[in-house]
Amino acid sequence: MSQTANPPRRRGSIGDMIFQALATGAGILVLVLLGAIIVSLLIGGLPAFRQFGVGFLTGADWDPVKQVFGSVVPIYGTIITSILALVMAVPIAFGIAFWLTELAPNWLQRPVGIAVELLAAVPSIIYGMWGFFVIVPVMAEYVQPFVIDLLGDAPGIGFLFQGPPFGTGIFTAALILGVMIIPFIAATMRDVFQTVPPVFKESAYGLGCTTWEVMRAIVIPYTRISVMGGIMLGLGRALGETMAVTFVIGNTNRISGSIFGPGNTIASLIALEFPESEAGSLKLASLMALGFMLFVISFIVLAISRMLLRTGART
Amino acid sequence: MTGASQTIHASGPARDGKIADRLARKRRFQNHVVQGLCLFATAIGLAFLVLILATLLHLGVKGLSLGVFTTVTKPPGSNGGLLNAILGSLIQTALGTAIGTPIGLLVGTYLAEYSAGSKLGDAVRFVSDVLLSAPSILIGLFVYTLLVTPFGGFSGWAGSVALAVIVIPIVVRTTEDMLRLIPVAMREAAVALGAPKWKSIVFICYRAARDGIATGVLLAIARIAGETAPLLFTSLGNLNWSVDLGKPMASLPVTIYQYAGSPFDDWVQLAWVAALLITFGVLALNVLARIVLRPRS
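Each value, and the rule that gives it
- Residues numbered from 1 in each chain as written.
- Chains lettered and ligands numbered in written order.
- Predicted model: local features only at pLDDT ≥ 70, side-chain atom pairs only at ≥ 80, totals over all residues.
- Heavy atoms only, no water.
- Helix = DSSP H or I, 4+ residues; strand = E, 2+ residues; numbered from the N terminus.
- Buried < 20%, exposed > 50% of the residue type's maximum accessible area, 1.4 Å probe, protein only.
- Contact = heavy atoms within 4.5 Å.
- Areas by Shrake-Rupley, 256 points an atom, 1.4 Å probe, with all protein chains shown as cover.
- Expected span 1.5 Å × (residues − 1).
- Axes fitted to C-alpha atoms, helices over the stretch in contact; angles between N-to-C directions.
- Parallel < 35°, antiparallel > 145°, perpendicular 65-115°, else oblique.
- Buried area = accessible area lost by both parts, 1.4 Å probe.
- Salt bridge = Lys/Arg side-chain N within 4 Å of Asp/Glu carboxyl O.
- Nonpolar A, V, L, I, M, F, W, Y, C, P; charged D, E, K, R; others polar.
- Phe/Tyr/Trp six-rings, centres within 6.5 Å; stacked < 30°, edge-to-face > 60°.
- Domains from an automatic or database assignment.
- Polar contact = N/O pair within 3.5 Å; in protein donor to acceptor, adjacent residues only side chain to side chain.

Asker: Summarise the overall build of chain A; cite the residues concerned and give the values.
Answerer: Helices and strands together make up the secondary structure of chain A, namely twelve helices and two strands. Its helices and strands in sequence order give chain A the pattern α-α-α-β-β-α-α-α-α-α-α-α-α-α, from N to C terminus. Seen through its principal axes, chain A has C-alpha atoms that stretch 70 × 60 × 30 Å. The buried share of chain A, taken over its 315 residues, is 53%. Sequence-distant contacts in chain A: of pairs separated by 6 or more residues, those separated by 24 or more amount to 74%. Accessible area for chain A stands at about 13,800 Å²; split by element, carbon and sulfur atoms hold 68% of it.

Asker: Before we move on, could you go through the environment of Cys209(A) and cite the residues and values that matter?
Answerer: With respect to the helices and strands, the residue Cys209(A) is situated in the loop between helix H8 (198-206) and helix H9 (211-240). We classify Cys209(A) as buried; its relative accessible area is 17%. When the C-alpha atoms of Cys209(A) and Gly236(A) are compared, they prove to be 36 Å apart, with 27 residues separating the residues in sequence. Setting aside residues no more than four positions away along its own chain, Cys209(A) makes contact with Ala204(A), Val214(A) and Arg27(B).

Asker: Residues and numbers for unusual backbone geometry, please.
Answerer: Although it is not a glycine, Gln67(A) sits at a positive phi angle of roughly 60°. Residue placement: Gln67(A) occurs in the loop between strand S1 (62-63) and strand S2 (68-69). The class for Gln67(A) is partly exposed, based on a relative accessible area of 36%. Phi is positive for Leu236(B), which is not a glycine, with a value near 65°.

Asker: So what's going on with helix H5 (residues 119-133) of chain B? Residues and values would help.
Answerer: An ideal rise of 1.5 Å per residue puts 21 Å on 15 residues; H5(B) measures up with 22 Å between its terminal C-alpha atoms. The complete set of buried residues in H5(B) reads Gly121(B), Val124(B), Arg125(B), Val127(B), Ser128(B), Asp129(B), Val130(B), Leu131(B) and Ser133(B). Elements that come into contact with the buried residues of H5(B) comprise helix H2 (13-52), H9 and helix H12 (282-314) of chain A together with helix H4 (83-114) and helix H7 (156-181) of chain B.

Asker: Could you give an account of the environment of Ile204(B), naming the residues involved and the relevant values?
Answerer: If you trace the backbone, Ile204(B) turns up in helix H9 (residues 197-208). Sequence separation between Ile204(B) and Ile44(B) is 160 residues, and the spatial gap between their C-alpha atoms is 45 Å.

Asker: Give me the packing of H4(B) against helix H12 (residues 252-260) of chain B: which residues, what numbers.
Answerer: All names here are of chain B. For the pair H4 and H12, the least separation of the axes is 8 Å and the interaxial angle reads 140°. Viewed along their axes, H4 and H12 adopt a mutual orientation that is oblique. Of the residues in H12, those touching H4 at Ala85, Ile86 and Ser89 are Leu252, Pro253 and Thr255.

Asker: Tell me what's going on with the interface of chain B and chain A, and back it up with residues and numbers.
Answerer: Each partner contributes residues to the interface: chain B has 78 residues there, and chain A has 80 residues. Buried area between chain B and chain A, both sides added, is near 7,300 Å², and the carbon and sulfur share of it is 79%. Between the two partners, chain B and chain A, sit three salt bridges. Top contributing element to the side of chain B that touches chain A by residue count: helix H2 (residues 13-60) of chain B, with 18 residues. Its residues placed into classes, the side of chain B that touches chain A shows 56 nonpolar, 15 polar and seven charged.

Asker: Go over the packing of aromatic side chains with me, naming the residues and quoting the values.
Answerer: Per the stated rule, a full pass over the model turns up 24 aromatic pairs over all chains. Chaining the aromatic ring pairs together yields one cluster made of Phe49(A), Phe52(A), Phe56(A), Trp62(A), Phe69(A) and Phe292(A).

Asker: Describe the domain arrangement of chain B, with residues and values.
Answerer: Residue and element names in this part refer to chain B. Domain boundaries assigned for chain B yield domain 1 (2-63) and domain 2 (66-293). Here domain 1 and domain 2 have C-alpha centroids that lie 41 Å from each other. Roughly 790 Å² of surface becomes buried between domain 1 and domain 2 when both sides are summed, with 82% attributable to carbon and sulfur atoms. Ranking the residues of domain 1 by area buried against domain 2 places Leu56, Leu59 and Gly63 at the top, with a combined share of 55%. Where domain 1 meets domain 2, there are zero salt bridges. On inspection of domain 1 and its partner domain 2, the count reaches one residue pair in polar contact (both at pLDDT 80 or more). For the side of domain 1 that touches domain 2, the class distribution of residues is five nonpolar, three polar and one charged.

Structure, rendered in structure tokens:
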């Protein structure tokens, strides 16, 4: 490359300089963009951080009348819904990826793969609406009364399943989130499963291993770092998901012991309360501060995800 | 397994067969169970897609009428349509794509052609990947601070810019991936003809990667067409007729949000219609994008 670029005063060298400057400038713009997002959220949230200090991180109140704002409840809601969503989504995503790479007949791989990808393309507001009108009634009438009856009095864990069956709540939100992140995790797992050199798998088959034994003894150990990366990617998606959660979580600023209880998340709180906040108010600043924390959390999770995926790809 | 084979060797010939048989049966059984579970998991995934689409068809189609496309949103009970929301969505999606695509294309070009081994390139790639999955509601908050507060109000422009921010990382990813697939021989041929680097990129590489880049743009359009959260605080939504980009602008997703949560039956019905339109539009774009990409893969 350098040999072709060096001859002096080639025609077009000015064009080259301009083009390279444009491309590099655009690259820098992306860095500036991320910096600007972080800084704008931080500055917007500064009044809240100043007013409440550490209390913003440890306070459980969200009271616009008394002008007291704390972030414990939405942070708890964000984390608990995302983790529950992962618990539901990971086994299913793994099953899909395994089926697509090792079990599906050739002619079915592509259509089913596309169908799963389409699940990721459905807009989140549609998930929210569908969850609200379809899943919530089913939850309220069948699933929750049944589970509450069955496990509500169980010693030790009973408190997790108590309370009235609203249909909405933490569990329903996590269920919808789980469905939404299945395709992301499944697609990543499928892609990394396909990177396993066929020779490894063939050797194992040659020894008489079953498909599942090949998966467990060859494919999973070979791809485990990337698989973790895919799961973290799903987590990153779940943390910031807004519209779907807003519809079904019940939107209550309270931590309830039951997984069927209502709650909120950072994103749903921002979506709901922002339109009612006046510019320059302490409430708006508190929402910005929440946004800043959500960004930091997602940034860390997504950075770890990327690191794992890169490391996995290299080995 | 080595332990098992040792047992077999240690015992008499009559027992060997039995143990081997039992072991093989157990392993085959285990294999079948896991395969069954995987099939089940795939069925669950597909069932969700089918269930969502069936619900949309079931509840959306019956609300479809010509009036939906020719009338603007009206107060409940007065036979409103979705014209302004459809138009607002089209305008903002088009503008967002028009702003975001050239930037994303340039960034992708930088990463593929100019950044080899540089720290800046690694940083840009990393940040772009993070932005790809960053919560879209925060992009809305950012654009609110950047464009809504200083310029005195919600506007279609602000909405478009928020969508453009989402477009950029999607286009960056596909552009870089596609440019890296271009064979070196092609670039060498251009250089041998005396073409400067920028010409070989624009006229040779872009052309060769055209389908792939188009796929990225289509996927970006599909993604932003259904975005709600970044529009809530930027273009806000508008129940009146307005194509003025300086004013609040309606969009299908925001209209769905407003209508679906309302207590009026006709509004909820219109929300289902809007949901049907947006979902099938977005899915059609996705399928189209995959058909465009197919000959290359």
